Amino acid sequence: MQLRPALTERDINRDLLRPVLATPIWFYFLLGGLAIGVCTAIGGFAWAVNHGTGVYGINRPVMWGFLLVNFVFWVGISHAGVMLSAILRLSNAEWRRPATRAAEVLTIFALGTAALHPVFHTGRPWRIYWSMPPGYDFGRGIWPDVRSPFVWDPTAISTYLTGTTLFVILLLIPDLAVLRDRSSGLMQKVYGFLSMGWKGNTRQWKLQIIAGFLLSALILPVFVSVHSIVSWDFAVQIAVEGWHATIFAPYFVIGAVHSGVAGVISVLALLRWMFRWENYIRDDHFDALARLMIVVATAWFYFLVIEFFLGIYPAEEPEISLRTLQVFEWPFNATFIVFLLMGYFVPVPLWLFRRVRQNVALMFWTTLMVNIGMWLERFIIIIPSLMRKQPLTFSWGSYNPSPIELILVAGSFCLVFLGVLTFSKFFPIIPLADAKEGVALETHVRVGKVMVPAAYREE
Amino acid sequence: MAVERKWGMAVDADKCTGCQACVVACQSENNIPVNEPDHFLQRRAIQWIRIERYWEGEFPDVRARFVPMLCQHCENAPCESVCPVFATYHNNEGLNVQVYNRCIGTRFCANNDPWNVRFFNFWEPVWPETLRNQLNTDVSVRSRGIMEKCTFCIQRIRRTTRDAGLEGREVTDGDVVPACVQACPTNALVFGDLNDHDSQVAHLREDGRQYRILDHLGTEPSVYYMAKIDPYAAEGEHA
Amino acid sequence: MALTRRQLLKYSGLGFLGAVVFAGCRIPEQEFIAESPVMIPEDLVRGDDAYYATLARPSTGVESVLVRVMQGRAKKIEGNPDYPMSRGKHSAQAEATLQELYHPDRIATPLRRVGERGSGEFESVSWSEALDELARRLEDHRGVPDAVAIVTEPLRGALGTIVDRFAENYGARRYSFEAVDQTVVRTVFNRIYGQERLPTFDIQNAHYVLSFGADFLSHWHAPLHYNWHYGEFRGETGGRGKLVQIEPRFSLTAANADKWVYINPGTEGILALAIAKAILDSGEGVEDAALAAFINNNAQDAATVADLTGVKADVIETLAHDFAANQPGVAIGGGLAAAQTNGLFNMTAVYALNALVGNVGKKGGVTFNPPAPVPNVVSSASANSLTDFQRLADDIRHGAVTAVLVHGVDPAHGTPGSMQFGRALRENAEFVASFSNFMDETTLQADLVLPDMASLESWGSDVPDPGPGYEAVALQQPVVMPFVEGRAFGDVLLALVEELGGSMTRQMPWDTMEAANRSLAQEIWIKNRGSVRSFDSFEEFWVAILQRGGWWDTNATGGAPQAPDVSQDPGSAFPSFTGAAGDYPFHLLPFPSHSMGDGSDAHLPWLQATPDPITTAVWSTWVEVNPRDAESMDVREGDVVNVESPQGSIEAQVYVNPATAPGTVSVPMGQGHSSFGRYAEGGDRNLMAVLDAVSAETTGAFAWGATRVRLAKTGRRERVRKFEGMVVAQTLPHRPVYVISTGNGNGGAH
Ligand SMILES: Nc1nc2c(c(=O)[nH]1)N[C@H]1C(S)=C(S)[C@@H](COP(=O)(O)OP(=O)(O)OC[C@H]3O[C@@H](n4cnc5c(=O)[nH]c(N)nc54)[C@H](O)[C@@H]3O)O[C@H]1N2
Ligand code: SF4
Ligand code: SF4
Ligand code: SF4
Ligand code: SF4
Ligand code: SF4
């Protein structure tokens, strides 16, 4: 609990709609820079389509490379949205208010970007629709094999993407109405259309709240399933000892939450700096999120250790050799150390201190660290395991990413940020209605000599 | 046809000399593009059958063991269940079939193939115009972006079956000879119908030296190996 | 009928349900079978094919094959199941001759040089022009005796006869070239057993094979045939035999041996005699006073032998006992053991060993091959020795030889660099004609190129050497139309006979190779015995013999051997090496590339891309180094080093081979073509630049195992092009890839 100024509805509208209604010039430069990154990646993909999958660094037996690492990473990031919105909404955590929409938007763009990776990665991307629910080519007798996780993946991801998008739209409606009322010309028409006749009457509010709760409850199992399924892409593979583990589903889900929440924190810190939203994204929000992170990170770390020990427990040479490669051999030894430090051992002890938790800069850097660590985690899971497949040492191989893969990975980051920023240009990325609701439910209590704002819980 | 066929192979590791005749025979029969130097550096060379060489010991007690390696045509093939589009599936003759036109190139199957015998076409295969004259018209040339692997020379199975049908006779043991088996000068490779109890390969399956590679995975490979005999191997050193 | 909204919903709901139920009742199996318009490739079979028997002529020796032909194109080469040397099998090399036929760099028309010699500038000319010029040039040179040299591969069959007679009548010198020649073994068999032709070692029926350096599973004598023998030796015929390979290099045969015994290079004869002496002393040998005297006179005492050879005395004792006790057995010598300055001594000792255990001319031992059934056909063609070629090069330089006709070989690439064979042609020869299909290094020096036809396009015949132990003749017929404007070498010579006229015409009364081969067949037909017989008309016989790919008579075996004659001086027992041990610490153990041999198959991409069985390396020249030597020199796999001898040096990539003996290095032959088509060219890593042109005593054979080298680091590293992965492949104890059975118990030892 900290001191903060009392905010009127007018203040809230002015502050939170600032990026939408009065966009600063640097914002366009930022968008332009990101767009160049995205275009480079499109060029990279075009090159790959033109020349063949050979432009990537993959080989036999390392048939999956950086693109799959990055795919898992972005699916992981996408877990923050529902984690924060749904769980916190259902449990009615007060501090969720400024974070939810940023988290959901991050979900949408991260998930959309993740979904592009299989397209980049397949040998004949123009045929990838054969594995996707909307694209099954029954006319040619192309039936999907429902046993393949590659069929589950698009199903789960498209469900999750649809659910999250509905969720965002639903919660956006009241804010869109505000924008409709404050804009003019074409934009007014657009916002008017999007706000679907929102008048803010009791029935509408009631429906919106109920729908919000329902969607939260419905999306939660999807959220668990998505990364479980992504983990099954790996765990079903009996040929790859490093992947074939029953613990993979919860391990991946919790890892996803770990990187996802960290991603949201980074984004919130950025937004707060960019739009000077100190009054909305407050230090106590970071404090609360960091506490959550400690729990999530530690749970994840538990799974990491268990996964590792279950792996080496039977003491089979291929597995031992794989673990040796992961931990002791260049360049994975360095990667492994960096991953452990960044993913857990540096940030978590730091978060134990309130001063760190409430320091936005430190929170930004520590959460960024977590995501670098988590990217490396996926790398360490995916690549070395393929290098040491089975005891057929004759084929044990190695992998170097190609420039095109690096461009595509970098481009994916540009794409996600471009998406989030573009969204914040057209829609309030902190929910106005939620913020106002927070204020409305707020009361002031006397602490010593000062009146301090405090929130009531709804009954 | 009363009993369904189940094609299989027996590989006698004691006979294989590593001569590579099978390798080139397969390249020729199955329109496998020439593996250029870069393909080896990129670790993308394609050889549906290869001779794996394992080292044992140090000079002077050193040994090189040759293991011919090709698709094992697993009865429970792990490569099949992960393919989203049925581009690889099991047919009713026990073959793990690859349908090139269906494949979208996820490489999922290659990861889940414990033997690393699935080969991806990273590049469009190219032959100089003149060398194309040699291409086998029974076998399609694979384009880039798709998976391929040993088919047990399915075109020869088809041709033999078709010809036998036209001549009104049964296909008997020894009628179908894949290119590698045909070439193998030491007769280390034997091919036939495992469901035909009189076939040579069915007999070899009962041999005391018989074992299967990675048998513990439970994929039920259709390729049976005969142990290498080494009278000088230290007693008890090998299982 | 109007439909209300409610009805519409109801009916479509029912319809949907029905569809689901209906779909559910169908056998789902139907859906899973990928029967669909996109199924095509897995069973794509169309067209009719034809199979023709003919010969393939790769560097590993002539093979009788069946060629699958569809729509006028040769599609596949397969072994001839009838022919005794093939037995339905074929080698990788034979398979790859398809690529010779359709090679993109095949010479398509006759060429006349327009630029400097060696510049590679030629113009295309018509066949009549080319033949006229050739005839004119040959007329010009005819006056001077021995001024023309005809250099070919060792030729047998009708073509051999034609070339020999042509040379004789014209007055030309006749040379046969083999980069890795068999001169020493031939000399020894001639001396001891009076045999003109190479023997066949009956490995199939042997219980014990003691091989001194003969890499018969890879590139020695008749590898396809011996691989087949080996397969039988390992099982089917009467129990599993034992193979012991005695060799300084871990060759493919050593890798397949039950025991590999490392021996110091060049001391094989000393060891063989020590074994012989032990057998003699134990009284297990045949009683033959001359043989015993030879052994007693030449054998060293046990301690000296162990010291010289590096093989321990108890091992020698065991080898001697095992060899004597496990008869029938056979001792084979060749390869590196013969390619030493004392090669003659080594081979004499090894082959005397066979006489000592009495397995000569016996089943499971050394069997001899009768000459061809037809008297006038060449049935054995030994290559000329290195000394002969050194003299030829000198004669070209001095002007004694002014014109050179070359067919089927590339001595400019395949002779030691110091001989400067190519340079002699370029600078000193007046006229060089090549009958090659490819612009190899020798053809590059030619004034006139008259491209030959591939074996699948032309007529021919062969008497296998070594043979199956009985009379055999193989026939070659064109199975496809010529792919380029080539003309068979034999046909060109026969056309010249017409032009040059005289006594030649009488000696070679055939217009074409086809006629020559028909007349050969006619002589066989008259015999009316063997595998193809009882035909009333020759035409029927001709079709039958072409269909079967040849003729053989299992009853017409080689004659009884003469008593072994070991009276001739085998020369020094001790090898000598070029390069002082101090400066050049390593014995260089060269070997013909498993797939490309001495390099004459280097232009075929399939063979370039075929992994070496031991290292799995492809498309390169590498140097195999022992791990400890590598460590002490601080080199790793892929380091580019200079392999330096007193003669010269080449670059090669290090391959650390756990089976390479310390103090030795091995380098494959065959690469480093400056000209030989797109797949062979590039790089100058021809081992011949390093090898000293040293000839063996007495035989004059090329002692290619007699050079010492040192390795000098260049500081560069190139990844080795190889098929194996990134770690040293070893089986892991708990999950073995291969299983070893000791052969007793375990059910399967046959
Ligand atoms: N798009 C399209 N596809 C079709 C059809 C169509 O109408 N349109 N029709 C279908 C039908 S009915 C048929 S029959 C097939 C025909 O299909 P193809 O067999 O492909 O027939 P073409 O393309 O006419 O000729 C094949 C090649 O033969 C070459 N050629 C010409 N003369 C000779 C010769 O003397 N010797 C050799 N070796 N080559 C020669 C030509 O240059 C050409 O490259 O196509 C089928 N596919
Ligand atoms: S060996 Fe590999 S590719 Fe072949 S069926 Fe088994 S899993 Fe599939
Ligand atoms: S690469 Fe092709 S065959 Fe393999 S799983 Fe993907 S679509 Fe199926
Ligand atoms: S069975 Fe046919 S496809 Fe398979 S390895 Fe042998 S030759 Fe190649
Ligand atoms: S052809 Fe036969 S002997 Fe030669 S490598 Fe292949 S399996 Fe082994
Ligand atoms: S196979 Fe022929 S008909 Fe079929 S799509 Fe191709 S061109 Fe058209």
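The rules behind these values
Residues numbered from 1 in each chain as written. Chains lettered and ligands numbered in written order. Predicted model: local features only at pLDDT ≥ 70, side-chain atom pairs only at ≥ 80, totals over all residues. Heavy atoms only, no water. Helix = DSSP H or I, 4+ residues; strand = E, 2+ residues; numbered from the N terminus. Buried < 20%, exposed > 50% of the residue type's maximum accessible area, 1.4 Å probe, protein only. Contact = heavy atoms within 4.5 Å. Areas by Shrake-Rupley, 256 points an atom, 1.4 Å probe, with all protein chains shown as cover. Rg over C-alpha atoms; globule rule 2.2 N^0.38 Å. Lys, Arg positive; Asp, Glu negative; His and termini not counted. Charge placed at Lys NZ, Arg CZ, Asp CG, Glu CD. Salt bridge = Lys/Arg side-chain N within 4 Å of Asp/Glu carboxyl O. Pairing = 2+ DSSP bridges. Axes fitted to C-alpha atoms, helices over the stretch in contact; angles between N-to-C directions. Core = buried A, V, L, I, M, F, W, Y, C linked by side-chain atoms within 4.5 Å. Domains from an automatic or database assignment. Buried area = accessible area lost by both parts, 1.4 Å probe. Patch = residues over 30% accessible without salt bridge, like charges linked within 9 Å, V, L, I, M, F, W, Y side chains within 5 Å. Parallel < 35°, antiparallel > 145°, perpendicular 65-115°, else oblique. Nonpolar A, V, L, I, M, F, W, Y, C, P; charged D, E, K, R; others polar. Polar contact = N/O pair within 3.5 Å; in protein donor to acceptor, adjacent residues only side chain to side chain.

1. Topic: the overall build of chain C
Logical step 1: Along its length, chain C carries 22 helices and 26 strands.
Logical step 2: Seen through its C-alpha atoms, chain C measures out along the principal axes to roughly 120 × 70 × 65 Å.
Logical step 3: For chain C, the proportion of its 750 residues judged to be buried stands at 63%.
Logical step 4: In chain C, the proportion of contacts linking residues at least 24 apart, taken out of those at least 6 apart, comes to 73%.
Logical step 5: Only carbon and sulfur atoms are counted for the fraction: they give 49% of the accessible area of chain C, which is about 26,400 Å².

2. Observations regarding the overall build of chain B
Logical step 1: Helix and strand counts for chain B come out as seven helices and eleven strands.
Logical step 2: In terms of C-alpha radius of gyration, chain B reaches 18 Å, essentially the compact-globule figure of 18 Å for 239 residues.
Logical step 3: Principal-axis analysis of the C-alpha atoms gives chain B an extent of 50 × 50 × 35 Å.
Logical step 4: Burial analysis of chain B (239 residues in total) assigns 72% to the buried set.
Logical step 5: In the structure as shown, chain B presents an accessible area of about 6,900 Å², 49% of it carried by carbon and sulfur atoms.
Logical step 6: Computing the positive centroid from 25 side-chain charges and the negative centroid from 33, chain B places the two 6 Å apart.

3. Considerations on the pattern of salt bridges
It is possible for side chains bearing opposite charge to pair when their charged atoms get close.
Logical step 1: Here the structure, examined in full by the defined rule, presents 68 salt bridges over all chains.
Logical step 2: Measuring nitrogen to oxygen at the nearest pair gives 3.7 Å for the salt bridge that ties Glu329 of chain A to Arg388 of chain A. Of the two residues, Glu329 of chain A is situated in the loop between α11 (317-328) and α12 (332-345) and Arg388 of chain A in the loop between α15 (360-387) and α16 (403-426); the sequence distance between them amounts to 59 residues.
Logical step 3: A salt bridge links Asp14 of chain B to Arg240 of chain C, with the shortest nitrogen-to-oxygen separation between them at 2.6 Å. Here Arg240 of chain C lies in the loop between α7 (223-233) and β10 (242-246) and Asp14 of chain B lies in the loop between β1 (7-12) and α1 (21-29), a pairing that spans two chains.
Logical step 4: Since its relative accessible area comes to 0%, Asp14 of chain B is described here as buried.
Logical step 5: Each member of the salt-bridge network shares a partner with another, and the members are Asp14 and Lys228 of chain B together with Arg234, Arg240 and Asp258 of chain C.

4. A look at the sheet that holds strand β14 (residues 403-407) of chain C
Residue and element names in this part refer to chain C.
Logical step 1: Pairing is mixed in the open sheet, where seven strands are placed in the order β5-β4-β16-β15-β14-β6-β7. Only two strands of the sheet have a single partner each, and these edge strands are β5 (122-124) and β7 (173-176).
Logical step 2: Looking at chain direction, β14 and strand β15 (residues 431-434) are connected through four bridges and run parallel. Looking at β15, one finds that Val406 is bridged to Ser434.
Logical step 3: Relative to strand β6 (residues 148-152), helix α5 (residues 157-170) is tilted by about 170°, and along the sheet it contacts β6 and β7.
Logical step 4: Across the face of the sheet, helix α14 (residues 386-398) comes into contact with β6, β7 and β14 while running at roughly 135° to β7.

5. Let's talk about the nonpolar core
Most often, soluble globular proteins have nonpolar side chains that are buried together.
Logical step 1: Residues Tyr56, Phe234 and Phe248 of chain A, Met9 and Ile213 of chain B together with Phe250 of chain C are the most contacted members of the largest nonpolar core, which totals 268 residues.
Logical step 2: Counting residues per element, this core draws most heavily on helix α9 (residues 248-275) of chain A, at 16 residues.
Logical step 3: Both domains that furnish three or more residues to this core are identified here as domain 2 (200-367) and domain 3 (586-717) of chain C.
Logical step 4: Listed in part, the 77 residues of the second largest apolar core include Met85, Tyr230, Ala320 and Ala701 of chain C.

6. Regarding the domain arrangement of chain C
Residues and elements named next belong to chain C.
Logical step 1: According to the domain assignment, chain C consists of domain 1 (5-43), domain 2 (200-367) and domain 3 (586-717).
Logical step 2: Between domain 2 and domain 3, the C-alpha centre-to-centre distance is 27 Å.
Logical step 3: On the domain 3 side, the residues contacting the 18 residues of domain 2 number 25 residues.
Logical step 4: Between domain 2 and domain 3 lies a buried interface of about 1,700 Å² when both sides are counted; carbon and sulfur atoms form 70% of it.
Logical step 5: The largest share of the area that domain 2 buries against domain 3 comes from His219, Arg249 and Thr341, three residues that together contribute 32% of it.

7. A closer look at the sheet that holds β1 of chain B
All names here are of chain B.
Logical step 1: One open sheet accounts for four strands, arranged β8-β1-β10-β9; its pairing is mixed. At either end of the open sheet lies a strand with only one pairing partner, and these are β8 (189-193) and β9 (210-211).
Logical step 2: Note that β9 and strand β10 (residues 223-226) share two bridges and pair antiparallel. Along β10, the bridge assignment pairs Gln210 with Met226.

8. Points about a nonpolar patch on the surface
Residues and elements named next belong to chain A.
Logical step 1: On the surface, Ile25, Trp26, Tyr28, Phe29 and Leu30 cluster together to form a nonpolar patch covering roughly 570 Å² of accessible area.
Logical step 2: Inspection of the secondary structure assignment puts Leu30 in helix α2 (residues 25-51).
Logical step 3: Residue class for Leu30 comes out partly exposed when judged on its relative accessible area of 34%.

9. Comments concerning the packing of helix α6 (residues 149-182) of chain A against helix α17 (residues 432-440) of chain A
All names here are of chain A.
Logical step 1: In contact at an axis separation of 7 Å, α6 and α17 are set at 100° when each is read in the N-to-C sense. Judged by the angle between their axes, α6 and α17 are roughly perpendicular. For the pair α6 and α17, contact is made by Pro174, Asp175 and Val178 and by Leu432, Ala433 and Lys436, respectively.
Logical step 2: Taken together, the residues that form the contact of α6 with α17 break down as four nonpolar, no polar and two charged.

10. Concerning the interface of chain A and chain B
Logical step 1: Facing the 52 residues of chain A at the interface are 47 residues of chain B.
Logical step 2: Carbon and sulfur atoms make up 56% of the area that chain A and chain B hide from each other, which totals about 4,000 Å².
Logical step 3: At the junction of chain A with chain B, the criterion picks out zero salt bridges.
Logical step 4: Joining chain A to chain B, the criterion identifies 29 residue pairs in polar contact (both at pLDDT 80 or more).

11. Comments concerning the interface of chain C and chain B
Logical step 1: The interface of chain C with chain B comprises 102 residues on the first partner and 87 residues on the second.
Logical step 2: Here chain C packs against chain B, burying approximately 8,500 Å² in sum over the two surfaces, 58% of which is carbon and sulfur.
Logical step 3: Seen at the junction of chain C and chain B, the total is six salt bridges.
Logical step 4: Salt-bridge contacts for Asp138 of chain B lead to Arg68 of chain C; the nearest nitrogen and oxygen are separated by 2.8 Å.

12. Some words on a negative patch on the surface
Residues and elements named next belong to chain C.
Logical step 1: Taken together, Asp132, Glu139, Asp140, Glu498, Glu499 and Asp511 make up a surface patch of like negative charges.
Logical step 2: Examining the composition of the negative patch, we find that three residues originate from one element, helix α4 (residues 127-141), more than from any other.
Logical step 3: The residue Glu499 is located in helix α17 (residues 489-500) in this model.

13. Some words on the environment of Lys722 of chain C
Logical step 1: Here Lys722 of chain C lies in the loop between β25 (708-717) and β26 (740-741).
Logical step 2: Residues Lys722 of chain C and Pro199 of chain C, 523 residues apart in the sequence, show an inter-C-alpha distance of 36 Å.
Logical step 3: Once residues lying within four places of it in the same chain are set aside, the contact partners of Lys722 of chain C are Phe40 of chain B together with Thr615, Thr616, Ala617, Val618, Glu637 and Tyr655 of chain C.
Logical step 4: At a separation of 3.0 Å, a polar atom in the side chain of Lys722 of chain C contacts the side chain of Glu637 of chain C.

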